[in-house]
Amino acid sequence: NLWSTIGPFPSDYLKDGGHNEADVKKSLAVMYPPEREIRMDAVYKSDDGGELRWLQSDSLDGPVMTEGVNFKIRNGVKRSKICYAVTFIESPSDRTAEIRVSCDYWANLFLNGKEIESSRNPSGRRKDGAWFNGVTRIAASIALKKGQNILLAKVQGGSGGSSFTFSMTDPGDLKFAPGPASNK
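Residues numbered from 1 in each chain as written. Predicted model: local features only at pLDDT ≥ 70, side-chain atom pairs only at ≥ 80, totals over all residues. Heavy atoms only, no water.

Peer 1: Which parts of the structure should I look at to understand the environment of aspartate 61?
Peer 2: With respect to the helices and strands, the residue aspartate 61 is situated in the loop between strand E4 (55–56) and strand E5 (68–70). The class of aspartate 61 is exposed, set by a relative accessible area of 60%. Through-space distance from the C-alpha of aspartate 61 to that of tryptophan 3 is 14 Å; in sequence the pair is 58 residues apart. (Helix = DSSP H or I, 4+ residues; strand = E, 2+ residues; numbered from the N terminus. Buried < 20%, exposed > 50% of the residue type's maximum accessible area, 1.4 Å probe, protein only.)

Peer 1: Can you walk me through the side chain of serine 4 in this structure?
Peer 2: Position of serine 4 among the secondary structure elements: in strand E1 (residues 4–9). Within the local environment of serine 4, its side chain forms a polar contact with the side chain of glutamine 56, the two groups lying 3.2 Å apart. (Polar contact = N/O pair within 3.5 Å; in protein donor to acceptor, adjacent residues only side chain to side chain.)

Peer 1: Looking at this model, I keep getting lost on the packing of aromatic side chains. Mind explaining?
Peer 2: Pairs of aromatic rings are described using the distance from one ring centre to the other and the angle between the two planes. Per the stated rule, a full pass over the model turns up 7 aromatic pairs. Pairing tryptophan 3 with phenylalanine 166 gives two aromatic rings, centres 5.5 Å apart and planes at 80 degrees, and the pair type is edge-to-face. Here the residue tryptophan 3 occupies a position in the segment before E1, and phenylalanine 166 occupies one in strand E12 (residues 163–168), the gap between them amounting to 163 residues. One exposure class covers both tryptophan 3 and phenylalanine 166, and it is buried. Taken together, a centroid distance of 6.3 Å and an interplanar angle of 55 degrees make the contact between phenylalanine 9 and tyrosine 44 tilted. On the criterion of sequence distance, the pair formed by phenylalanine 9 in strand E1 and tyrosine 44 in strand E2 (residues 43–45) is long-range, its members being 35 residues apart. For tyrosine 44, a relative accessible area of 13% corresponds to the buried category. Three or more aromatic residues link up through ring pairs in this structure, and these residues are Trp3, Phe71, Phe164 and Phe166. (Phe/Tyr/Trp six-rings, centres within 6.5 Å; stacked < 30°, edge-to-face > 60°.)

Peer 1: Quick question: what am I supposed to make of the pattern of salt bridges here?
Peer 2: Taken as a whole, this structure holds 10 salt bridges when the rule is applied. Between lysine 154 and glutamate 35 there is a salt bridge whose closest N-O contact spans 2.7 Å. With a gap of 119 residues between them, lysine 154 in strand E11 (residues 147–157) and glutamate 35 in helix H2 (residues 33–36) connect regions that are remote in the sequence. By the burial criterion, lysine 154 is buried, and glutamate 35 matches it. Note that glutamate 67 is salt-bridged to arginine 137, the shortest N-O span being 2.9 Å. With glutamate 67 in the loop between E4 and E5 and arginine 137 in the loop between strand E9 (132–133) and strand E10 (138–144), this residue pair connects regions lying 70 residues apart in the sequence. Note on arginine 137: relative accessible area 32%, which makes it partly exposed. Taken together, the shared-partner salt bridges connect Glu37, Arg39 and Asp41 into one network. (Salt bridge = Lys/Arg side-chain N within 4 Å of Asp/Glu carboxyl O.)

Peer 1: Where do I start with helix H1 (residues 21–29) in this structure?
Peer 2: For H1, the complete set of buried residues consists of Val24, Ser27 and Leu28. Taken around the axis of H1, the buried residues stretch over an arc of 95 degrees, which confines them to a single face. Exposed residues lying more than 90 degrees from the buried face of H1 are Lys26 and Ala29. Looking at the buried residues of H1, the elements they touch are strand E6 (82–91), strand E7 (95–111), helix H4 (122–128) and E11. Residue asparagine 20 occupies the N-cap position of H1, its side-chain oxygen lying 2.7 Å from the main-chain nitrogen of alanine 22. (Arc of directions from axis to C-beta. Contact = heavy atoms within 4.5 Å.)

Peer 1: How do you make sense of the pairing of E7 when you look at a structure like this?
Peer 2: A regular strand carries its side chains on alternate faces of the sheet. Where E7 meets E10, 7 bridges bridge the pair, whose relative direction is antiparallel. The partner of glutamate 98 across the bridge, within E10, is serine 141. One ladder, built from 6 bridges, connects E7 with E12; its direction is antiparallel. Residue pairing in the sheet places serine 102 in a bridge with threonine 165 of E12. In the sheet, E7 pairs with E11 via 7 bridges, with the strands oriented antiparallel. Across the sheet, residue asparagine 108 finds its bridge partner in E11, namely lysine 154. Of the pairings in the sheet, the one linking E7 to E9 comprises 2 bridges and is antiparallel in character. Looking across to E9, one finds that alanine 107 is bridged to phenylalanine 132. (Pairing = 2+ DSSP bridges.)

Structure representation (structure tokens):
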């Protein structure tokens with residue numbers, strides 16, 4: 001698998017038992033450590049007092065694992081929490097690419113620290129704070145720089161699961177890895 005994962009981080013979604021888009025928006029607005037810096041050796045405290053670390057796995061067993069990440073399988077997260085996944089993309093030149101993302105159930109992606117804007121309906125984005133939402137794949141254009149690019153996914157799990165899928169049109173000679181080039 002080409003993704004490293006970490007989580008769960010706290011979320012207000014389903015905290016009081018309700019399905020509230022305002023709680024999703026509030027939770028997605030919280031900037032947890034993976035959004036400030038990607039340190040593969042970092043250890044963070046979880047909301048239950050445990051430790052959170054970046055995890056890597058070669059396993060592709062389970063739903064969506066061949067095309068993304070299922071946080072229930074990778075991190076033991078059943079639903080309604082914030083989780084992150086990161087992949088490192090080595091590009092031999094500056095280039096644009098189109099990605100398609102689906103999720104269970106809300107997500108924002110960041111390329112080299114900059115939030116990726118998708119083709120999702122702006123009214124949905126204003127309500128819940130997510131550029132990606134639901135099982136229908138949503139497209140976005142990204143600009144890769146020559147060298148290493150860091151793609152970070154922040155996923156707010158829904159009431160039934162926590163996962164996302166990712167695809168890129170014509171990846172060509174790009175190289176994807178779950179860790180930075182110096183950690184290979």
